[in-house]
Structures are given as structure tokens and as C-alpha cells.
Amino acid sequence: MSEQIGVLIIGVKGAVSTTLIGAGIASQVGLSGGFDLPSEQDAAFAELNLPSLAEFRFGGWDVASASLLDSLLHHGVIPEEVISAVAPALDQVWLAPGVTLSPAPIHDELDAQLKTPQSVDSLRRLVEVLRGDIQRFRIEAKVEQVVVLDLSSTAPSIKQTVHHETLDRFNT
């Protein structure tokens, strides 16, 4: 497969997210070290024409104030020599501030202060902000397809309200 795929991650500075991004960039710059996807390692998947990890372009949302580099170092999953090799490319990862309908303090492991994500006042506005972010990422990353992964662990869940009952209520 030759088409690059965009991957937007909710909670982009968490341990799983930064490990995925670090491994993806390591694959893009040609580092060896077991960063291939299982589908790249097993010949049984060859006929499926699945994308390689190097074909993914990453971005995402987070409320954390730390940089991707600081987050990757903090989580300590990828060896430091690999982090050093991928560090310059981390600045090219598309980032946007986290956004939520129901703001709540969120703890950032790298900053002892509680953070409050950008908030919006309606479900419609939340959809508009996210849709705009996805479109900007698609254009800036030059990808045709975008997959969104929710790897957040501290984000509050949206409580079901009357706004979820009908489209008219959703729009208010």
C-alpha cells in the first residue's frame, strides 16, 4: 500500500500514544528495532496489502502542556537512543489543544497543576471544532484518509442528556 494514512489521537501525549508515534517515526526514518506492525512481520498478512507503520502520519489532541519529546521521555517505553533519533521529527507531529463539552480538571503527570481543556458550550460546537481540526490535519499532513483513535484515559465521559435524544436538541 502506498497511500499515507493520517492517525489523529485523542490523548496524544499519553504513554500508548507517544509509543505509537515514536515507533512510527522510527520506522519512517529507517531505524530497526522491532517497530514493525504484526502485519509487517507475518507473511500470512502479505496478500492483504495493509499499510506499514511508516505510512502513517500522526497528530492529535491533548490537554497536557508537556511537549511530545518530554512525554516520550517521561513514559520511558522507547529506548533513549531511539528517542534521540526521532526527536527532530516530533516537532512535525500535528497537535491541537484538547476540547470537551464538559470541562473538568485533568491531571497531567508532567505538570503538577491541574489542567482544564478548551471547552465548548454545545455538542454542535464540539463537532464543528473537531471537524475543523480533522480537515486541517488532513490538508497539512497531505493524507486522504484519517483515522481517529481515542487513547485518552483521564478525559471525563460525556453524560447523556436531552441533547442526545433528537437532532433538533443536539443542535441547541
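The rules we used
- Residues numbered from 1 in each chain as written.
- Predicted model: local features only at pLDDT ≥ 70, side-chain atom pairs only at ≥ 80, totals over all residues.
- Heavy atoms only, no water.
- Core = buried A, V, L, I, M, F, W, Y, C linked by side-chain atoms within 4.5 Å.
- Buried < 20%, exposed > 50% of the residue type's maximum accessible area, 1.4 Å probe, protein only.
- Helix = DSSP H or I, 4+ residues; strand = E, 2+ residues; numbered from the N terminus.
- Contact = heavy atoms within 4.5 Å.
- Axes fitted to C-alpha atoms, helices over the stretch in contact; angles between N-to-C directions.
- Parallel < 35°, antiparallel > 145°, perpendicular 65-115°, else oblique.
- Nonpolar A, V, L, I, M, F, W, Y, C, P; charged D, E, K, R; others polar.
- Salt bridge = Lys/Arg side-chain N within 4 Å of Asp/Glu carboxyl O.

(A) Region of interest: the nonpolar core. Ranked by size, the top nonpolar core spans 20 residues in total, and within it Ile 21 and Phe 58 carry the most contacts. When contributions to this core are tallied by element, the ones reaching two or more residues are β1 (5-10), α1 (15-28), β2 (56-62), α3 (68-75) and α4 (80-90). The contact partners of Ile 21, leaving out residues within four places of it in the chain, are Ile 9, Val 12, Phe 58, Leu 90 and Val 93. Trp 61, Trp 94, Phe 137 and Val 143 belong to the second largest nonpolar core, which has 7 residues in total.

(B) Seen up close, the packing of α1 against α4. α4 packs onto α1 with a crossing angle of 90° between their chain directions and a minimal axis gap of 9 Å. Taken as axis vectors, α1 and α4 run roughly perpendicular relative to one another. Residues Ile 21, Gly 22, Ile 25 and Ala 26 of α1 form the contact with α4, whose participating residues are Val 82, Val 86, Ala 89 and Leu 90. Considered class by class, the residues forming the contact of α1 with α4 number 7 nonpolar, 1 polar and no charged.

(C) Region of interest: the packing of α1 against α3. Between α1 and α3, the least distance of the axes is 9 Å, while the angle of their chain directions is 105°. Regarding the angle of α1 to α3, the classification is roughly perpendicular. On α3, the residues that touch Ala 15, Thr 18, Thr 19 and Gly 22 of α1 are Leu 68, Ser 71, Leu 72 and His 75. Residue classes in the contact of α1 with α3 are distributed as 3 nonpolar, 5 polar and no charged.

(D) Structural view of the pattern of salt bridges. The full count for this structure, using the stated rule, is 3 salt bridges. For Arg 136, the salt bridge goes to Asp 133, with nearest N and O atoms at 2.5 Å. Highlighted residues: Arg 136 and Asp 133, both in helix α5 (residues 123-141), separated by 3 residues, approximately one helical turn. The exposure class assigned to Asp 133 is buried, which follows from its relative accessible area of 7%. Glu 165 serves as the salt-bridge partner of Arg 169, at 2.3 Å between the closest nitrogen and oxygen. You can call Arg 169 partly exposed: its relative accessible area is 37%.

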